[in-house]
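Understanding the architecture of this molecule
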Amino acid sequence: MAPVPMPSINVGHIDDVQELRKTKPRTIPQRFVRDMTERPTLPTALSPPNTDMPVIDFSNLSKGNKEELLSELCNLATACEDWGFFQVINHDIDLNLLESIENMSREFFMLPLEEKQKYPMAPGTVQGYGQAFVFSEDQKLDWCNMFALGIEPHYVRNPNLWPKKPAGFSETVELYSREIRKLCQNLLEYIGLGLGLKGDVFEKMFGVAVQAIRMNYYPPCSRPDLVLGLSPHSDGSALTVLQQAKGSPVGLQILKGNKWVPVDPIPNALVINIGDTIEVLTNGKYRSVEHRAVAHQEKDRLSIVTFFAPSYEVELGPMPEFVDENNPCKYRRYNHGEYSKHYVTNKLQGKKTLDFAKIQVKNTN
């Protein structure tokens, strides 16, 4: 989003995974090889993706009769509480626009390296082209190229990082982001209603919400059992929206019941997950969920991810509706800008960044 670059960081040499794949298709540099405990167990033909992830029919929320609305609100509340992840169908976003953003993203990643490197991601920042969340020269790297942009409010944008190629890229990102923003605002209204709150509670609390987009490209990898496409983490946002490009292999995995569960997106659906912000506000009733991405031996994977979060100026903490004798306050109040800065200046490491907000329980023994 908009942290200040950290020039003192020495991140060492970072291989571009697309170039590696082109020039040394069988080579996995040591910085990408994970320790044994981190290596993924890859799905096989005998272990199909999990199909139990809740599916929310957005049309029941936006256009349904009272009965359909109440039923879908109940489904949404259950999805948030039990999974922290769900897929949204009938979301009212033009499918041609979804196709356009996929095509533009793919075209960008297929540009020559020297063209993409005109928009470098500086150490300690999360905008531009490269690898985010790298802070030392011995840190393990993800088998992924990223391109990220701050979208709203406008002051978070870095105009120098908006690419000139492919033609029409910026206009498509603008259109797409406007539609995704509306979806996030609506979903938060329904999540609020499902919690028994006023529908506009999050909109009023968040101020001018911060929004960013990140495109992730995972080239094929000759040894996907040794690498991770994206390290395990929860998101610092309120909501995250993931669109997986058509034809991509299953790559997203979520941690459920201490097992990594593969997620196969429904065609034309969007995958939504609860971020740390909602966990704090609901005092842990709705929890952000750890997730990661794995690579594939033969196929590349492309995803487009939007992060929607409160204004950096907002002070956050558990809402009084979720704190009582049986549910003591688990998180302190904090400034969201400070949390965002903390999040993007630490490597992805499960839910560790949320320790920033946790109230440490003193041992009385």
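Everything discussed here concerns the structure shown above.
Below you will find a few notes about this structure. If you're wondering where the values come from, they're calculated on a predicted model, not measured in any experiment. The residue numbering used here restarts from 1 in each chain and proceeds along that chain's sequence as written. Where local features are concerned, this predicted model is filtered to residues with pLDDT of at least 70; where side-chain atom pairs are given and counted, the filter is 80 or more; whole-chain, interface and lining totals use all residues. Heavy atoms from the whole structure form the basis of all side-chain values; hydrogens and water molecules are not counted.

**So, the environment of G337**
Short version of the rule: Put simply, DSSP marks the helices as runs of H or I at least four residues long and the strands as runs of E at least two long, and each gets a number from the N terminus on. Partly exposed describes any residue whose relative accessible area lies between the buried limit of under 20% and the exposed limit of over 50%, with all areas from a 1.4 Å probe on protein chains only and scaled to the type maximum.
In this fold, G337 is placed in helix α9 (residues 336-344). Here G337 falls in the buried class, since its relative accessible area comes to 16%.

**A word on the nonpolar core**
Counted only if it meets this: To qualify as a nonpolar core, a set must consist of buried Ala, Val, Leu, Ile, Met, Phe, Trp, Tyr and Cys residues joined through side-chain atoms within 4.5 Å. Whether two residues are in contact is decided by their heavy atoms, any of which lying within 4.5 Å being enough.
Counting residues in hydrophobic clusters, the biggest one holds 79 residues, and the most contacted among them are F86, F147, I191, F202 and M215. In terms of residue count, the dominant contributor to this core is helix α6 (residues 169-194) (ten residues). Residues contacting F86, with those up to four places away along its chain left out, are M53, P54, I56, L76, A79, C80, L187, L270, V271 and I272.

**Digging into the packing of aromatic side chains**
Worth spelling out the cut-off: When the centres of two rings from Phe, Tyr and Trp lie within 6.5 Å, Trp using its six-membered ring, the rings pair. Their planes under 30 degrees apart give stacked, over 60 give edge-to-face, and anything left gives tilted.
Scanning the model with the defined rule gives eleven aromatic pairs in all. Aromatic side chains F108 and Y129 sit 6.0 Å apart centroid to centroid with 70° between the ring planes, which places their arrangement in the edge-to-face category. One end of the pair, F108, is in helix α4 (residues 95-109); the other, Y129, is in strand β3 (residues 128-130), and 21 residues separate them in sequence. For F108, a relative accessible area of 0% gives the class buried. When the ring of F108 is compared with that of F169, the centres are 5.9 Å apart and the planes differ by 45°; the resulting orientation is tilted. Of this pair, F108 sits in helix α4 while F169 sits in helix α6; the two residues are 61 residues apart in sequence, bridging distant segments of the chain. Judged on exposure class, the residue F108 and its partner F169 are both buried. Taken together, the ring pairs in this structure connect F108, F109, Y129, F147, F169 and Y217 into an aromatic cluster.

**Things to note about helix α3 (residues 66-82)**
In plain terms, the rule: Expected helix span is computed as 1.5 Å times (number of residues minus one). Arc definition: directions from the helix axis to the C-beta atoms. Counting of polar contacts relies on pairs of N or O atoms within 3.5 Å, with two restrictions inside protein: one atom must be capable of donating a hydrogen and the other of accepting it, and residues adjacent in sequence are counted only when both atoms are side-chain atoms.
A rise of 1.5 Å per residue sets the reference length of α3, with its 17 residues, at 24 Å; its end C-alpha atoms lie 24 Å apart and thus fit the reference within 8%. What α3 keeps buried is the set E72, L73, L76, A77, A79 and C80. Taken end-on, α3 shows its buried residues confined to a sector of 160°, consistent with a single buried face. Put simply, N65 is the residue that caps the front of α3, since its side-chain oxygen is 3.1 Å from the backbone nitrogen of E67. At the C-terminal side of α3, G84 shows a positive phi close to 75°.

**Observations regarding the sheet that holds strand β5 (residues 210-218)**
Defined as follows: A pair of strands is considered paired only if DSSP assigns at least 2 bridges between the two. Fitted lines through C-alpha atoms serve as axes, helices being fitted only where they are in contact, and the angles separating the N-to-C directions of these axes extend from 0 to 180 degrees.
Read from one edge to the other, the open sheet built from eight strands follows the order β1-β2-β10-β7-β12-β5-β4-β3, with strand pairing classed as mixed. One side of each edge strand has no neighbouring strand; the edge strands of this open sheet are β1 (55-57) and β3. Recorded for the sheet is a direction-independent mean angle of 25° between the axes of neighbouring strands. Sheet topology note: the β1/strand β2 (residues 85-89) ladder contains three bridges and is parallel. Of the residues in β2, the one forming a bridge with I56 is V88. Across the face of the sheet, α4 comes into contact with β3, β4 (145-152), β5, β7 (239-244) and β12 (301-309) while running at roughly 115° to β12.

**Some points on the pairing of β2**
For β2, the buried fraction is high: four of the five residues fall into the buried class. Across four bridges, β2 lies against strand β10 (residues 270-274) in antiparallel orientation. Bridging from a neighbouring strand, F86 pairs with I272 of β10.

**As for the pattern of salt bridges**
The line we're drawing: Salt-bridge detection follows one rule: a side-chain nitrogen of Lys or Arg within 4 Å of a carboxyl oxygen of Asp or Glu.
Applying the stated criterion to the full structure yields 14 salt bridges. Among the salt bridges present, the one from E115 reaches K118, with a minimum N-O distance of 2.9 Å. Residues D200 and K204 are paired through a salt bridge, measuring 3.3 Å at the closest nitrogen-oxygen approach. The class of D200 is partly exposed, set by a relative accessible area of 28%.

**Quick word on empty space enclosed by the protein**
Heads up, the rule is: We place a 1 Å grid over just the protein atoms. Points where a 1.4 Å probe fits but has no way out form a cavity, open points with protein on both sides within 12 Å along at least 5 of 7 lines form a pocket, and any residue with an atom within 4 Å of a point lines it. Grid points are joined across faces, edges and corners, and a volume is the space filled by probe spheres set on the points. Amino acids outside the nonpolar list (Ala, Val, Leu, Ile, Met, Phe, Trp, Tyr, Cys, Pro) and the charged list (Asp, Glu, Lys, Arg) are all regarded as polar, and Gly is one of them.
Tallied over the full model, the rule gives four cavities of 30 Å³ or more. Approximately 150 Å³ is the volume found for the second largest cavity. Lining the second largest cavity are 18 residues, and of these L230, L242, L252, H291 and V305 lie nearest its centre. Elements supplying a minimum of two residues to the lining of the second largest cavity: β5, β6 (230-233), β7, β11 (291-293) and β12. For the lining of the second largest cavity, the class distribution of residues is eight nonpolar, six polar and four charged.

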